[in-house]
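Coordinates in review
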Amino acid sequence: MARVYNWQIGRDMSYWYPESRPEKQFAAVFDINKCIACQSCTLACKTTWTSGKGQEYQLWNNVESKPYGFYPLRWDLKLLDMLGEQQWDGDQYRGQTIFEAAEAGERVLGWRPEERDFAYPNVGEDDCAGTIETGADFQIPHLAWFFYLARICNHCTYPACLASCPRGSIYKRPEDGIVLVDQQRCRGYRECVKACPYKKVFHNPLVGTSEKCIACFPKGENGLQPQCFVNCIGKIRMAGSISRPEDAKPENPIDYLVHIRKVALPLFPQLGLEANVYYIPPIHAPTPFLYQMFGPGVAAAIKTYRSAVDDMDLAGLLTLFGSSERVMPRWKREGDWTIGLDEQDQEIVRVPLKEPVYLRGPFDEKYQVARTNCP
Amino acid sequence: MAKKLWHLILVVVPVLTLVGCRPAPPVARLMDVTMVIADVLPEDPSDGVWQHAPEFTTPLLPQDQVEPRQLEVSTREIRVRAVAAGDHVAFRLEWDDPTLDDQPGHEDFPDACAIQLPAIAEPTLPAPQMGESGQPVEITFWTAAWQATVDGRGTTLRDLYPGATIDHYPHEAAPLKSDPIAQREVQLRYSPAHALGNWMAGPRERSVEDLISEGPGTLGPGPSADSQGRGQHNGDGWSVVISRRLPAGWDSARGSQIAFAVWQGDRNEVGARKMRTGWINLVQEP
Ligand code: SF4
Ligand code: SF4
């Protein structure tokens, strides 16, 4: 095992290979508060990449309701149980990562789901935490809660899938950090299925290899955002690349949200993978639950997000989400407009901070007709 | 290291020279895998010719050299017989495993076995653990899942999961039905392993795969693809015939070396998680 630095846990950790960061790292921010679980992303991915034989059950993108939704069943709870109680000390994680907690003879602490764990992609859908007493729906705030968690492969800086493969069949592209299973080399051992804590590698029983999200790299190579991003009705996603914290650039939208404003956080950073999909946490779920899921930065992130209403930069950048199919590596705000830019600072898209409001009365004076069709 | 090869060493020594015209086989424990000569290679595990080849029994060791390691002993021993004809040799491997695992499902691992020989039969041996850089080994790998396919099990989802419902595959769209080339192109789009010619993806005409390796993690397609295999499960265990050509540089006076590996599917054994042997002398009957 090598020693590598993982900024998400604020310390060095053990990893199977020495630190080797790509030239650029694919990264994304998902605003959980805007997700409506319409599953457009899931279908966009399904129809684009996984409509073949043996891929029937594969959901490279899925949306699950937390706390009771999982795909596959209990993917997160099972590993957290195996890892046992661990501690953060401020921003530094004092517990063990899944690489450090690997059992004798293993490369990673992991588990392989059973077939039936993939049989209920919507189990727990819209189930809220706790029981609802009569009349509870008249109380504000609501005492019960749930939120939607959209998930793809995190194209981790320290992928457990890659570390676990004894054949080296999984690789991280040096140009963009996208993690891929080499379909020529894979022999279907499923060590990666066992090792990925997010359960984002799927075995194809009819083909005999394991398959996973490819971050739509053919689109990325052409400057376009992935399918599940551009088909998102709620416009919750933005794709780009992330720098190391010390190199953060305010003009890079992902750096701005993750490193500068710290409003977007990795999923289960304590596992040690330096996951590269970042979430703006849901503002209405209990902090202890979110702390476990997104780490110690969660309370500050929610506070910052709540302040967006008075923060033209943050609110402005959030309006760029879902505004163009093109990747926007840079951005700026000019007055009431946020502008997405390419690498040469050429404008890609321009979005108003405030949508113009048109008031349309119930009666059209010009045509002398009622605009509503109910009396 | 020059290795002195020992010939047939028996506690009881009934020596055979010609299969088919000799008395009952030896029953004592051999120290070498000894090939007897026949006119034709046996393809079937129940071929009577096997009765004339001496049975070699060896304990298996857990693969505990590289992660992921096999820490528990599963298959304890393997019984091997060998018959050569011309420049080819067939081995019959038998081991106890009452559960038949031949499904390639998501959580299913098939029973499997493999033989390994140096790519070139020469006195300096490659490392027994899958060879080493510059000194490759050739491996022939058999699995029960491939055997089931060769024996006629279909390759659709319903062949694995009879209750499955499939709405539609894009390559089965009506407009493509009259154009097999376009249909194939769409099918490959969703199956990169097929498109890249990965053997795992089939199509499967043999139950074995020829591989070459220069150390753990380097296993790749072998230079030739002419090995054959046939396995039968008898309720108590497997009996598998693997035949291949003798290694390059084979000299019947000097012999060579062979190693074996066995995987039990119900114990989730796959890849590095296996029971195996070190090098064992492979000799031809005098
Ligand atoms: S999320 Fe899982 S599959 Fe994706 S890179 Fe990380 S470990 Fe690998
Ligand atoms: S990034 Fe592309 S491949 Fe990955 S889940 Fe989204 S649509 Fe699927």
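Keep in mind it's a predicted model, so treat the numbers as computed, not measured. (Residues numbered from 1 in each chain as written. Chains lettered and ligands numbered in written order. Predicted model: local features only at pLDDT ≥ 70, side-chain atom pairs only at ≥ 80, totals over all residues. Heavy atoms only, no water.)

Description of the overall build of chain B
For the record, the criterion: Under the scheme used here, helices are H or I runs from DSSP no shorter than 4 residues and strands are E runs no shorter than 2 residues, and both carry numbers assigned from the N terminus. Think of it in three bands: residues with accessible area under 20% of the maximum for their type are buried, residues over 50% are exposed, and the middle band is partly exposed, with areas taken using a 1.4 Å probe on protein chains only. All accessibility values rest on the Shrake-Rupley procedure with a 1.4 Å probe; residue burial counts only the protein chains present in the view.
Per the secondary structure count, chain B includes 4 helices and 14 strands. Counting across all 286 residues of chain B, residues that qualify as buried make up 52%. As presented, chain B carries roughly 12,800 Å² of accessible surface, and 54% of it is formed by carbon and sulfur atoms.

Considerations on the site of ligand 2
Residue and element names in this part refer to chain A. The cut-off we apply is this: Here a residue is near a molecule or strand as soon as one of its heavy atoms is found within 4 Å of it. Polar here means any residue other than Ala, Val, Leu, Ile, Met, Phe, Trp, Tyr, Cys and Pro, which are nonpolar, and Asp, Glu, Lys and Arg, which are charged; Gly is therefore polar.
Around ligand 2 sit Cys45, Trp49, Trp60, Asn61, Ile152, Cys213, Ile214, Ala215, Cys216, Pro226, Gln227 and Cys228, and those are all the residues in its vicinity. Secondary-structure elements contributing two or more residues to the shell around ligand 2 are helix H1 (40-49) and helix H6 (227-230). Counted by class, the shell around ligand 2 contains 10 nonpolar, 2 polar and no charged residues.

Thoughts on the packing of aromatic side chains
Under the convention used in this document: Classification of ring pairs uses Phe, Tyr and Trp, with its six-membered ring standing for Trp, and accepts pairs whose centres are within 6.5 Å; under 30 degrees between planes counts as stacked, over 60 as edge-to-face, and the remaining range as tilted. Definition used: whenever NZ (Lys) or CZ (Arg) falls within 6 Å of the ring centre and also within 35 degrees of the ring normal, the charge is taken to sit over that ring.
Under the criterion given, the structure shown has 23 aromatic pairs over all chains. The interplanar angle of 55 degrees and the centroid separation of 5.2 Å between the aromatic rings of Tyr15(A) and Tyr158(A) together place this pair among those described as tilted. Of the two residues, Tyr15(A) sits in strand S2 (residues 11-15) while Tyr158(A) sits in the loop between strand S7 (147-151) and helix H3 (160-164), which places them 143 residues apart along the sequence. Judged by relative accessible area, Tyr15(A) falls into the buried class, the value being 3%. Given a relative accessible area of 2%, Tyr158(A) falls into the buried group. Look at Trp145(A) and Phe147(A): their rings are 6.1 Å apart centre to centre, the planes differ by 15 degrees, and that puts the pair in the stacked class. For Phe147(A), a relative accessible area of 3% translates into the label buried. Lying across the ring of Phe109(B), Arg190(A) places its NZ or CZ 3.9 Å from the centre. Taking NZ or CZ as reference, Arg237(A) lies 5.5 Å from the ring centre of Phe229(A), over its face.

Quick look at the pattern of salt bridges
Condition: A pairing counts as a salt bridge when a side-chain nitrogen of Lys or Arg comes within 4 Å of a carboxyl oxygen of Asp or Glu.
A complete count under the given rule lists 40 salt bridges over all chains for this structure. As a salt-bridge pair, Glu106(A) and Arg273(B) come within 2.8 Å of each other at their nearest N and O atoms. Separated into two different chains, Glu106(A) in the loop between strand S6 (92-93) and S7 and Arg273(B) in the loop between strand S12 (256-263) and strand S13 (275-276) make up a pair that spans both. What makes Glu106(A) buried here is its relative accessible area of 17%. With relative accessibility at 9%, the residue Arg273(B) sits in the buried group. Between Glu251(A) and Arg330(A) there is a salt bridge whose closest N-O contact spans 3.9 Å. Here Glu251(A), found in the loop between strand S12 (237-241) and helix H7 (253-260), pairs with Arg330(A), found in strand S15 (residues 330-334); they are 79 residues apart in sequence, far enough to count as distant. Judged by its relative accessible area of 27%, Glu251(A) is partly exposed. Arg330(A) gets classed as partly exposed once you look at its relative accessible area, which sits at 22%.

Topic: the environment of Asp176(A)
All names here are of chain A. The cut-off we apply is this: Contacts are residue-level and defined by heavy atoms, with any inter-residue pair within 4.5 Å sufficient.
If you trace the backbone, aspartate 176 turns up in the loop between strand S8 (170-172) and strand S9 (179-181). We classify aspartate 176 as buried; its relative accessible area is 15%. For the pair aspartate 176 and leucine 224, spaced 48 residues apart in the sequence, the C-alpha separation amounts to 13 Å. Discounting chain neighbours no more than four positions away, the residues touching aspartate 176 are Pro22, Lys24, Gln25 and Phe26.

Points about the sheet that holds strand S17 (residues 347-352) of chain A
Note on sheets: strands pair through backbone hydrogen bonds, and any given pair is parallel or antiparallel. All names here are of chain A. We count it as follows: Note on pairing: DSSP must find at least two bridges between two strands before they are called paired. In this analysis an axis means a line fitted to C-alpha atoms, helices contributing only their contacting stretch, and an angle means the value between N-to-C directions, from 0 to 180 degrees.
With antiparallel pairing, the 3 strands of this open sheet are ordered in space as S15-S16-S17. Strand pairing shows two members of the sheet lacking a second neighbour, S15 and S17, which therefore form its edges. Geometrically, the sheet is characterised by an average inter-axis angle of 20 degrees between neighbouring strands, direction not taken into account. Direction of pairing for strand S16 (residues 337-341) relative to S17: antiparallel, over a ladder of 5 bridges. Within the sheet, the bridge partner assigned to tryptophan 337 lies in S17 and is proline 352. Where helix H10 (residues 312-319) meets the sheet, it contacts S15, S16 and S17, and its direction lies at approximately 125 degrees from that of S15.

A few points about the site of ligand 1
Near ligand 1 there are 13 residues, and of these Cys153(A), Asn154(A), Cys156(A), Cys161(A) and Cys196(A) occur at the shortest range. Partitioning the shell around ligand 1 into residue classes produces 10 nonpolar, 2 polar and 1 charged.

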